[in-house]
There are 2 protein chains.
Amino acid sequence: MKCRICGRKAAVNMRQHKLALCRDDFLEWVPQQVERFIQKYKMFTREERVLVAVSGGKDSLGLWDILIRLGYRADGVYIGLGIDEGIAYSGKSQELCEKFSSNHGLTLHVVDIRKEYGHPVPVMSELSRRGKGKPCAVCGLVKRHVMNRAAREMGYDVLVTGHNLDDEAAVLFANTLHWEGEYLLRQGPLLPGREGLVRKVKPLCRIYEKEMAAYTLLRDIDYIYEECPFAAGSTTTYYKELLNKLENDHPGSKMTFYVKFLKSRQSGLFVEKEKIQQSLHPCPNCGQLTSTDDLCSFCRMIDKISQ
Amino acid sequence: MKCRICGRKAAVNMRQHKLALCRDDFLEWVPQQVERFIQKYKMFTREERVLVAVSGGKDSLGLWDILIRLGYRADGVYIGLGIDEGIAYSGKSQELCEKFSSNHGLTLHVVDIRKEYGHPVPVMSELSRRGKGKPCAVCGLVKRHVMNRAAREMGYDVLVTGHNLDDEAAVLFANTLHWEGEYLLRQGPLLPGREGLVRKVKPLCRIYEKEMAAYTLLRDIDYIYEECPFAAGSTTTYYKELLNKLENDHPGSKMTFYVKFLKSRQSGLFVEKEKIQQSLHPCPNCGQLTSTDDLCSFCRMIDKISQ
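Cut-offs and rules
Residues numbered from 1 in each chain as written. Chains lettered and ligands numbered in written order. Predicted model: local features only at pLDDT ≥ 70, side-chain atom pairs only at ≥ 80, totals over all residues. Axes fitted to C-alpha atoms, helices over the stretch in contact; angles between N-to-C directions. Helix = DSSP H or I, 4+ residues; strand = E, 2+ residues; numbered from the N terminus. Parallel < 35°, antiparallel > 145°, perpendicular 65-115°, else oblique. Contact = placed C-beta atoms within 7 Å. Nonpolar A, V, L, I, M, F, W, Y, C, P; charged D, E, K, R; others polar. Pairing = 2+ DSSP bridges. Least-squares fit on C-alpha atoms with pLDDT ≥ 70 in both. Buried ≥ 20, exposed ≤ 12 C-beta atoms within 10 Å, placed from the backbone. Right-handed = clockwise from strand over helix to strand, strands pointing away.

K.L.:
Tell me about the packing of helix α7 (residues 165-177) of chain A against helix α10 (residues 235-249) of chain A, and name the residues and values.
P.N.:
Residues and elements named next belong to chain A. The interhelical angle for the contact between α7 and α10, taken along N-to-C directions, is 105°, at an axis separation of 9 Å. Considered as vectors, α7 and α10 are oriented roughly perpendicular to each other. Contacts from D166, A169, A170, F173 and A174 of α7 reach α10 at T235, T236, Y239, K240 and L243. Here the contact of α7 with α10 is composed, by residue class, of 6 nonpolar, 2 polar and 2 charged.

K.L.:
I'd like a rundown of the interface of chain A and chain B, residues and numbers included.
P.N.:
Facing 17 residues of chain A, the contacting portion of chain B comprises 17 residues. For the side of chain A that touches chain B, the secondary-structure elements that each account for two or more residues are α7, α10 and α11 (253-266) of chain A. Among the elements that make up the side of chain A that touches chain B, the one with the highest residue count is α11 of chain A (6 residues). Its residues placed into classes, the side of chain A that touches chain B shows 9 nonpolar, 7 polar and 1 charged.

K.L.:
Before we move on, can you summarise the sheet that holds strand β3 (residues 49-54) of chain A with the specific residues and values?
P.N.:
All names here are of chain A. Read from one edge of the open sheet, 6 strands run β5-β4-β3-β6-β8-β7, paired in mixed fashion. Both outer strands of the open sheet, β5 (108-112) and β7 (190-191), are each paired with one neighbouring strand and no more. This element, helix α2 (residues 58-69), spans β3, β4 (73-80) and β6 (158-160) of the sheet and lies at about 155° to β3. Taken strand by strand, helix α6 (residues 136-153) contacts β3, β4, β5 and β6, and its axis lies near 140° from that of β4.

K.L.:
Tell me about the relation of the copies chain A and chain B, and name the residues and values.
P.N.:
With an RMSD of 0.0 Å, chain A superimposes on chain B once it is rotated by 180° and translated 0.0 Å along the axis. In short, the pair behaves as if placed about a two-fold rotation axis. In terms of C-alpha distance to the rotation axis, chain A has F270 of chain A as its closest residue, with the C-alpha 2.0 Å off the axis. Of the interface residues in chain A, 100% have counterparts in chain B that sit at the interface too, so the contact is made through matching surfaces.

K.L.:
Talk me through the pairing of β4 of chain A; I want residue IDs and the actual numbers.
P.N.:
Residue and element names in this part refer to chain A. Extensive coverage of β4 is indicated by the burial of 6 of its 8 residues. For β3 and β4, the ladder comprises 6 bridges, and the chain directions are parallel. Paired with R49 across the strands is R73, a residue of β4. Each parallel crossover has a hand, and for β3 linked through α2 to β4 it is right-handed.

The analysis is restricted to geometry; functional conclusions fall outside its scope.
Now the structure itself:
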């Protein structure tokens, strides 16, 4: 198989795009695609200060690399969750983020949850009795809160996460199987900023996970291969496997599912978001927007585990 | 495992409903469920004349049996498609429909496509060059047209088909994967009648395929086991298998997917149907409503193959 661009031997064959590319052209193609989606969904400009949430995985480190290559002003933030079961997951992922940032002379902010809030995430989860033994719900709550807080406090214009097409398609699939209207109206590449909430964007939302794996590999970026030890057996993992089967039998299905969803929402398939969106107000403690009465879920959780 | 109702040994265990029943109670339970959905979706009354489209398969013959047991005035219509590849599919299925109707002293109308329109469906499909070698598209067109025509000409109030939950979930799944807005707004247990189109309803839309298989088996109804020889390898079959995997791993998923879809549409997740529905007008040849200019798709197809 030959590279569509230069005719040399292809290194990556993307059946989903009917496109094969050599190493060099693939490494140019991925950032071009990301740039295209940053523009298309009006995510941010080269003048704005961008904060990339990095976990040490291929998606977020690959994304940081791409944004720097594209000339964006992107710093990183690493959140130390304190997940050290089995493989010292958090310690190892922090090292890889630090190594990447120092290799490239970039700024990395580190927020250590244990130091900031007294407990690592798995202990927070146990103490707060949310999530039935799995810390994933509390972990998501903590990450959303802390990423937003870090971006606001340090004056960034936009918070960027490494969610790829496989992530987005799996979430969309879960929300569709249960017809979760509110989530269907909200999920997308860009969540606009408002008082107390910084703008959030996903520049990899149309890049396949395997494309990011090939990118970080060919760019020689050292990342943590292991999944979070708590991810095994999760519903998202299950849906990803089901969608992988679909994608394997019908290449391009995942992309069609996600992109056509965005298009039909854009062209008015659903009711307008405002009609069913609940009213939000600032949490009296932290100032982040919340739909709950009084304190936001994060502050209530912290309150509970401090008692 | 014991019958939830009488405590005797259960014959059918429905994990999807967390319900096990003995033979006798199961054979009462299925018609009760069907009655419940006939009422819930306001399908028809005991005063109306009902026409059941029967194919000789378990769903349509089982449904006819249920409607008669429930006291509805239900006649049958069998459409002879002329699909005789391999197993003499059409001949065999007609025999089974005739046997069922004569055993129960019921009225069965037979429409023979070859006699009425000069060719069996597979030949129509070839001559009209629709559907890329598979007659399924033409078959659907013919059945929709002829069922509607039969119901109108013979003065029935409502046309009833044996689509079960697995059928409906697979169609919904296909339309969702591609976000086919127009179909998502239209798919449902009841399609109201209008000038030129008789009301169409699906009383089995919330009954699992395996429940209908158990029902016809336990009721000793003789039906055609074989699938249509053209169904193998179809997209619908593929989606059914994928949903079966999901259902097997998470019992009840199929039902949740379909029922929550109906509910969220009911509660206004989508735009109103009227906003995107195209205008329909009566076909100048047959009088059935159509969205195409001039002749409807069926009459155009017949025109084409008669030249």
